[in-house]
Structure formats: C-alpha cells, structure tokens
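Below, each chain spelled out in residue letters.
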Amino acid sequence: MDFSSSMAIKPSSSSCSSLFAISRTQNSSPKPLLFNFHGIPRNHQNSFFKSLKCIQSPPPGSLPSNPTSFSCSAVTLSPTQTSYLPPRKLSTLVAEFQSLLEPLDRVKRLLHYASLLPPLPASSRTDSNRVMGCTARVWLDAQMDSEGNIRFWADSDSEITKGFCACLVSVLDGAGPEEVLQLKTEDLAALNVGLPGGESSRVNTWHNVLISMQKRTRALVAQKERKTPFEPFPSLVITAEGIQPKGTYAEAQARYLSPDKLKVKELVHVLKEKQIGVVAHFYMDPEVQGILTAAQKEWPHIHISDSLVMADSAVKMVKSGCKFITVLGVDFMSENVRAILDQAGFGEVGVYRMSNERIGCSLADAAATPDYMNYLESASNSLPSLHVVYINTSLETKAYSHELVPTITCTSSNVVPTILQAFAQVPDLNIWYGPDSYMGANIKELFQQMTLMSDEEIAEIHPKHNRDSIKSLLPRLHYYENGTCIVHHLFGHEVVERINEMYCDAFLTAHFEVPGEMFSLAMEAKRRGMGVVGSTQNILDFIKQRVQEALDRNVDDHLQFVLGTESGMVTSIVAAVRSLLDSSNSTSSTKINVEIVFPVSSDSMTKTSTSASPALISVKAGDDVILPVVPGVASGEGCSIHGGCASCPYMKMNSLSSLLNVCHHLPDERNNLKAYETERFKSQTPQGKSIADVGCQPILHMRHFQAKKELSEELVYQVLGSHGNGK
C-alpha cells in the first residue's frame, strides 16, 4: 500500500469561485435549441458557429420546466465576450446541477444530456481515441476548425459517462486552444454532481476526459504551427501473445525477457547443489533479472524486491536450509543482510556481494559525509529530536547517526506514516529527515497540501492529526538538502515537459525520490485515479491493480504507464503483467495491451574521457564533434550511462557472470572470494560500541513501527532522554 493510498486529496474549489463569478445578465432572450451541433456536417459547422454561440442555460434564477429545452443566444460575440464563453458555460452548468437537490434528478439530467450526444462514427471509435482511466469505455475525437478553434466529439458505452462527456463537450466545443488549456481539473470540483455510489470514479471521469481534451488540443496546435513533435519515449507493449518493443532501449530490454535456457539451467543447478539463496533488488540489469525470474520456477530461494525486505527474505532462506546468501544490489543492502542475519543468530552463513570493487550509491554516499554529520549535530542541539533516515544508507551511517540523535529508518512507502505518528506521540518533537533532498522536499509539500484538507480528510490519513496539528508540525520538520539519487534526479523539468505534452492522459507512476516537479505531476494524476507515488513495490502493485481492473471489465483496452523510477523494474512488471494476462486468456477473449513507457533525459547520456575504458564507442554529434559514450548492456543500444533511460550504474555492477562466478567458487575453501564477502564491521562507534549492533537499532525501531503502528517505548525514551544515554 503506497504512502498516499488513503490520502484522497480532493480538488480545491477555490479556483472555481473566481471562475464562476460571471454575471448571467449577459444572456440574450432564450430560444429553444439543442446545445450540441454534432449532427451538422463538419464542413458547414464553421460558418454556423460564426453567427451562433449556444449556451445551455435555464432562464436566470430558474430551471427549465421541460428538461429537453435549452436556451441559446443567437448573437454575434466580440472577441472579448468569446474569451469568457467556456467559464460562462461552466458556471451555468454548475449552477444547474447544484440547484437539483435530489440525486435522482441529477441522474435524469445527465441521462438527458447523454441523449443529446449523437453516436460517434465508427471510424472514431478507435483505441487511439480511447480515454484512459475511466471505468466505462470513453472515446474522444478532436479537430481544429478554420478559425483555429477546437471542435470535440465524444461517446461512451455508459449512459452516465456519456452525460459527463456531453457536459464537457458543451463547455469546450468551439473554444480557442488557450481556453481549453486554461481550464484546470480543480475547476471541475463543483461538477461532482453527487451521484450515489462510485463518487471517486465519477469525479475521475470529468478529470480524465478534460486531460484528454487538452492533450489533443496541444497536438492540434503543434500540428498547425508545424512544430516538430517530441520523439516518443521508448516503451514495451505487453500482450497475452508476447512483447512488442518500441525504440532501441526497449528492444534491448525485450531481448532478456526471454532468457537463455542454458544459462538458467546452469544457475539453477549450482544454486541447488550448493544450497545458495539469492536476494536481488528490482533495479538489476534486465539480463540478470530475466535469468533470475526464470530460475525462480525451479529454485524457490530467489527473491527480487525493493531494499526493505531483502534481509527478511535472506533470513527465511537460511531457515529453509540455505548455507550461503548472494546479494545483488549495492553495498549497503549486503551490509543490512549481514547484520540482520547476525541479529537472527545466523552468523555462520556467508553473505556475498557481486563485485570485488565497491558498489556505491549516491544517496548512501551523501549521508557518509562530514556535512551530514554536521546536519545531525545541529539536530542534537534541538530537544526533543528524532532522526528519520532513509533505509538506503550504510550501516555505519545508521550507527553514527543513532549515537548523535535517536534514529529510526524508513522506506519510501512508510516515511509519511512514520513521521505523522512520531509527531503525534511526542509533543514538540523536531524531526530531521535525510539524506534524500527530493524526498524531504516532497514530504514537506505533501504536508502543505494537507493543510488545505478538512479535519475529517486528515483523520482518514492519521486519526490523531487535524489541520492545526499539521500546520504546527511543519516548522519542526527539517530535511537534508544535499543528497540525491543520480537515477531519480533525471526526472526533472525536461522529462516533465515531455510527459505533459505526450503522456498527460497515461497512468503516471513516480518514486518518492523524484524531483518536486515530477512529484507534483504524479500527485495530480493520483488525485484523479491515474497515478501512484511511493516505493518500487507500490508502483508494481498499482500497475497490477489497474491491469486486473481492466481484465475484470472484460472489454478490449490499452493501458499506458509512465515508469517514473529506475528502468530495471520493467522485468518484474512484465512478469507480473504477463501472469495476469495469461491467467485471464484461458477464460476470456478480451485483448488487453499494457504499455510501459521509459522516460528519457538528455542528462542520462554521459560524456567521458577516451582513456576511461577500452570498451567505449564513438558517436558523432555534429560536423566535427565526436563524443565517447559508455555502451549499454549489449553495446550501445541504450540512452544512458549503462544502456538505461533511468538506469543506475552501480546496480549494473551486479552481472550474471559475477553471480555464476561467486556461486561456482562456494564454499570458498581457497579464499578466492575474500573481496566479494560481506564482512562484519570490525571498527567501533565513537562510543566504543559495535557498528553492527548500533546500526541495527534504527532498523529494529522501524520493524516495531511496522508491526505496532507506533514508535517503541525504547525509542520514545531515547528521544525524550538525554542524547547518547540509554543506547
């Protein structure tokens, strides 16, 4: 469950109040005429609209006695008047629905509007015209007329949804592009007509159709101005029949989704023979993940996950008989596995990394600096204080931190509940989060948004908080400002701009570590049921849920997901989606296509010196400029430093050849794997204690929180007592 699963931040109606403050006295004498002109041939509509602008409205201060009558103004409007037309229509529409007090009357009005919307031609009822995210099937078509205004046509297989579409078309049909693009999803808040049941999905329909209208408008404007469209991001299309890659990077990913059977057989044989367990992170190289995913079917002691449960999985494997654990991740992950196994009493079990060199992490490195320790020194002078440290840090960092300030680890999925509970449990608490600066800023922004919610909405997120408590905690929430993940840093302005242009109507997933602009975009998508913000597991669960919902609807569909995290996740996503499609394929003829889109940033193409590696290839970038580029997994097919659009070079140090090499040399009787073994820390903390023992305490505090949903008494005592005592 992602951190914001219960946080249904409802769109604010503040912008609606100003948008709706338009006098209705501008209306001319009403004449009965249907509001929709789709029955008019398209080549005649332009001249028709020059002389007639229709506003579906009742006489001022009343409702039409006959629900089939609408008033229109047969007048010539000046450019100034025309610019106010969509908000004027929207204001009238809102007033109309809000004046209907009985839900049944609102349903009847929507059904009536649906009856006025002519059937969409079969040529427009295509997959490319489908609106994603709606419970019912919705089609939307758009064209630009000779005057540069946008004309819309829509239809749905649900009469209620068709009524929603009719309302939106009536507001925006014939509007200028800028008028279409200026309307915001929160401006539709007052159009929640209060239908009984399914309220959230109803609101999402308004919003998703509007977003689709705006996407088509941008495309029409770009076409008119002859702008070169953005190059599509690479993607993988998953169907029950197979996988279709789009773009060279996607082709490279796809090659490893059907792994070499001989390599799978070799790996399974050595794992079984020597009783070796494998824990791997989602961000592994696609070749490695493809092999591991296939090997799981024959050897159960292989687990691919986010960093939180890797150590837990290792403990389970050892309890089931595994004598060695191999860790495919960065060094802090193998350190955590080593420490947790020791805590569980399995110190004799060897833990092995996949490289004889250091496997670093930009976030872990940011916390292992004097600057971060100075940050915590400041925290130690502000009593009471709690340090909430991201789990993606070294055991040394956790140990040193805990001796400076009482510390609890967190993940991207539990950081918000942890912070809210800590503030609720300890009065006047100061919280110091680190080291991820983007996540810290996103947490702060999230709480700022909560101050706009009602007490009831906040209580659904955390029962001991309200608007006043959220406002009071904000000044006491601090975050480190000099730590970033080099992968999630790539999801900056350039990527957000292209998503807005080309993928604004797609499902948007984002890790909590992305920059603020991407975070805001994903949160907006989440509010209308089209996005998720959280951990890698949250992202995987969201995609699986949406695919299952599509299968349950039992109609052909195309689902498009923008992957807002490390591209290595795609192997697990493909495996999960194909499992769902395969299980449904035997009982249904429904065709579901699932497209995973990989955002590309120009920042991910890395320049390097020609002396850095003999494996470099040269790429021409202009008349005389030759840039050396680090090749990808299969030599040069990628768009980043190691072949990935958003790909971690440290994670890619975990190769299949390294895994096989380590496994074949176990048990390490000749000491060939000394550089690969995860050793226990021999040094001690400044207070003379074991780094492993002290470093595990913040992890154990998090375990307690996950189990009990509150801070442990021991941690609260440490926070309220003097720093350093009682640890």
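Described below are features of the structure shown in this document. (Residues numbered from 1 in each chain as written. Predicted model: local features only at pLDDT ≥ 70, side-chain atom pairs only at ≥ 80, totals over all residues. Heavy atoms only, no water.)

### Section: the overall build of the chain
Formally: Counting from the N terminus, the helices are the DSSP runs of H or I reaching at least four residues and the strands are the DSSP runs of E reaching at least two. Relative accessibility decides the category of a residue: with a 1.4 Å probe and only protein chains considered, values under 20% of the type maximum give buried, values over 50% give exposed, and everything between is partly exposed. Here, two residues are considered to be in contact whenever any of their heavy atoms come within 4.5 Å of each other.
Along the backbone of the chain there are 27 helices and 21 strands. A total of 727 residues make up the chain; the buried ones form 57% of that total. Taking the contacts inside the chain whose residues are at least 6 apart along the sequence as the reference set, 73% of them involve residues at least 24 apart.

### A short note on the pairing of strand β8 (residues 276-281)
Our working rule: By this definition, two strands are paired if DSSP reports at least two bridges between them. Here, the term right-handed applies to a crossover whose path from the first strand over the helix to the second runs clockwise when the strands point away from the viewer.
Among the six residues in β8, six count as buried, and that is most of the element. Where β8 and strand β10 (residues 324-328) come together, five bridges link them in parallel fashion. Bridge assignment links Val279 to a residue of β10, and that residue is Val327. As judged from the four bridges shared by β8 and strand β9 (residues 302-305), these two strands associate in the parallel manner. Pairing of Val279 across the sheet is with His303, part of β9. Each parallel crossover has a hand, and for β8 linked through helix α11 (residues 286-295) to β9 it is right-handed.

### As for a negative patch on the surface
This is how it is decided: Candidates for patches are residues over 30% relative accessible area with no salt bridge; among them, like charges are joined within 9 Å and nonpolar side chains (Val, Leu, Ile, Met, Phe, Trp, Tyr) within 5 Å. Residue burial considers only the protein chains on display, and all accessible areas are found by Shrake-Rupley using a 1.4 Å probe. Any Lys or Arg side-chain nitrogen located within 4 Å of an Asp or Glu carboxyl oxygen qualifies as a salt bridge. Just so you know, the count uses Lys and Arg for positive and Asp and Glu for negative, and it drops His and the chain ends. Taken as the charge location is NZ of Lys, CZ of Arg, CG of Asp or CD of Glu.
Negative charge collects at one region of the surface, where Asp455, Glu456, Glu460 and Asp468 lie side by side. Sort the elements by how many residues they give to the negative patch and helix α19 (residues 455-461) lands first, with three residues. Structurally, the position occupied by Glu460 is in helix α19. Look at Glu460 and you get exposed, because its relative accessible area is 59%.

### Things to note about the side chain of His301
Here His301 lies in the loop between α11 and β9. We classify His301 as buried; its relative accessible area is 15%. Ignoring anything within four residues of it in the chain, the contact list for His301 reads Ile276, Gly277, Val278, Met317, Ser320 and Cys322.

### Some words on the packing of aromatic side chains
To be explicit about the condition: Stacked, tilted and edge-to-face are the three classes assigned to paired rings of Phe, Tyr and Trp, where Trp is represented by its six-membered ring and a pair needs centres within 6.5 Å; plane angles under 30 degrees give stacked, over 60 edge-to-face, the rest tilted.
Going through the model one piece at a time under the given rule, you end up with 12 aromatic pairs. On the basis of an interplanar angle of 70 degrees and a centroid distance of 6.1 Å, the ring pair of Phe507 and Phe542 is categorised as edge-to-face. Of the two residues, Phe507 sits in strand β16 (residues 507-511) while Phe542 sits in helix α23 (residues 536-553), which places them 35 residues apart along the sequence. For Phe507, a relative accessible area of 3% puts it in the buried group.

### Examining the sheet that holds strand β17 (residues 531-534)
Rule in force here: To define axes, lines are fitted to C-alpha atoms, for helices over the stretch in contact only, and angles between the resulting N-to-C directions are given on a 0 to 180 degree scale.
Across the sheet, which stays open at both edges, the six strands sit in the order β7-β6-β19-β18-β16-β17 with mixed pairing between neighbours. At either end of the open sheet lies a strand with only one pairing partner, and these are β7 (243-246) and β17. Averaged over all pairs of adjacent strands, the angle between strand axes in this sheet comes to 15 degrees, irrespective of strand direction. Pairing analysis gives four bridges linking β16 to strand β18 (residues 557-564), with the strands arranged parallel. Bridge pairing links Thr509 to Leu563 in β18. Most of the contacts of α23 go to β18, to which it runs at about 175 degrees, and overall it touches β16, β17, β18 and β19 (592-597). Each of β6 (235-238), β7, β18 and β19 touches helix α24 (residues 570-585); the most contacted strand, β6, lies at about 20 degrees to it.

### So, the nonpolar core
Convention followed: By convention a nonpolar core is built from buried Ala, Val, Leu, Ile, Met, Phe, Trp, Tyr and Cys residues, the set being connected through side-chain atoms within 4.5 Å.
With 150 residues, the main nonpolar core has Leu292, Ile325, Leu386, Val415, Phe447 and Val547 as its most contacted residues. Not counting the four nearest positions on each side in its chain, Leu292 is found in contact with Leu267, Val278, Ala280, Ile302, Ile304, Leu328 and Leu659.

### Digging into the sheet that holds strand β11 (residues 350-352)
Read across the sheet, four strands follow the order β9-β8-β10-β11 without closing on themselves; strand pairing throughout is parallel. At either end of the open sheet lies a strand with only one pairing partner, and these are β9 and β11. Shown here is a sheet whose adjacent strand axes are inclined to one another by a mean of 15 degrees, direction ignored. Sheet topology note: the β10/β11 ladder contains three bridges and is parallel. If you follow Thr326 over to β11, its bridge partner there is Tyr352. α11 rests against β8, β9 and β10 of the sheet, and its axis sits at about 130 degrees to β9.

### What about helix α22 (residues 516-527)?
Applicable threshold: Each residue after the first adds 1.5 Å to the expected span of a helix.
With 12 residues, α22 extends 16 Å between its outermost C-alpha atoms, agreeing within 8% with the 16 Å of an ideal straight helix rising 1.5 Å per residue. Among the residues of α22, Met518, Phe519, Leu521, Ala522, Met523, Ala525 and Lys526 are the ones counted as buried. Buried positions along α22 lie against α18 (437-450), α21 (493-502), β16, β17 and β18. Positive phi shows up at Gly529, right after α22, with a value of about 75 degrees.

### Some thoughts on the packing of helix α13 (residues 331-343) against helix α26 (residues 691-708)
Put simply, the rule reads: Roughly parallel refers to an angle under 35 degrees, roughly antiparallel to one over 145, roughly perpendicular to one between 65 and 115, and oblique to any angle outside these ranges. For this classification, the nonpolar set comprises Ala, Val, Leu, Ile, Met, Phe, Trp, Tyr, Cys and Pro, the charged set comprises Asp, Glu, Lys and Arg, and every other residue, Gly included, is treated as polar.
Where α13 meets α26, the closest approach of the two axes is 10 Å, and the angle between their N-to-C directions is 90 degrees. The pairing of α13 with α26 is recorded here as roughly perpendicular in orientation. Each of Asn336, Ala339, Ile340 and Gln343 in α13 lies in contact with α26, whose residues at this interface are Ala692, Asp693, Cys696, Ile699 and Leu700. Split by residue class, the contact of α13 with α26 holds six nonpolar, two polar and one charged.

### A few points about the pairing of strand β14 (residues 430-434)
Burial of β14 is extensive: five of the five residues sit out of reach of the surface. The pairing of strand β12 (residues 385-390) with β14 spans five bridges and is classified as parallel. Among the inter-strand pairings, Ser385 is bridged to a residue of β14, identified as Asn430.

### Comments concerning α24
With 16 residues, α24 extends 22 Å between its outermost C-alpha atoms, agreeing within 8% with the 22 Å of an ideal straight helix rising 1.5 Å per residue. Within α24 the residues assigned to the buried category are Val570, Thr571, Ser572, Ile573, Val574, Ala576, Val577, Leu580, Leu581 and Ser584.

### Considerations on the environment of Asp187
Mapping Asp187 onto the fold places it in the loop between α7 (177-182) and α8 (199-224). Sequence separation between Asp187 and His207 is 20 residues, and the spatial gap between their C-alpha atoms is 9.6 Å.

### Brief notes about the pattern of salt bridges
According to the stated counting rule, one finds 20 salt bridges in the structure shown. The partner of Asp505 in a salt bridge is Lys215, and the shortest N-O contact between them spans 3.0 Å. Here Lys215 lies in helix α8 and Asp505 lies in the loop between α21 and β16, a separation of 290 residues in the sequence. Take Asp505: its relative accessible area is 6%, and that puts it in the buried class. For Lys215, a relative accessible area of 21% corresponds to the partly exposed category. The shortest N-O distance in the salt bridge between Lys263 and Glu287 comes to 3.3 Å. Taken as a pair, Lys263 in helix α10 (residues 261-274) and Glu287 in helix α11 lie far apart in primary sequence, 24 residues in all.

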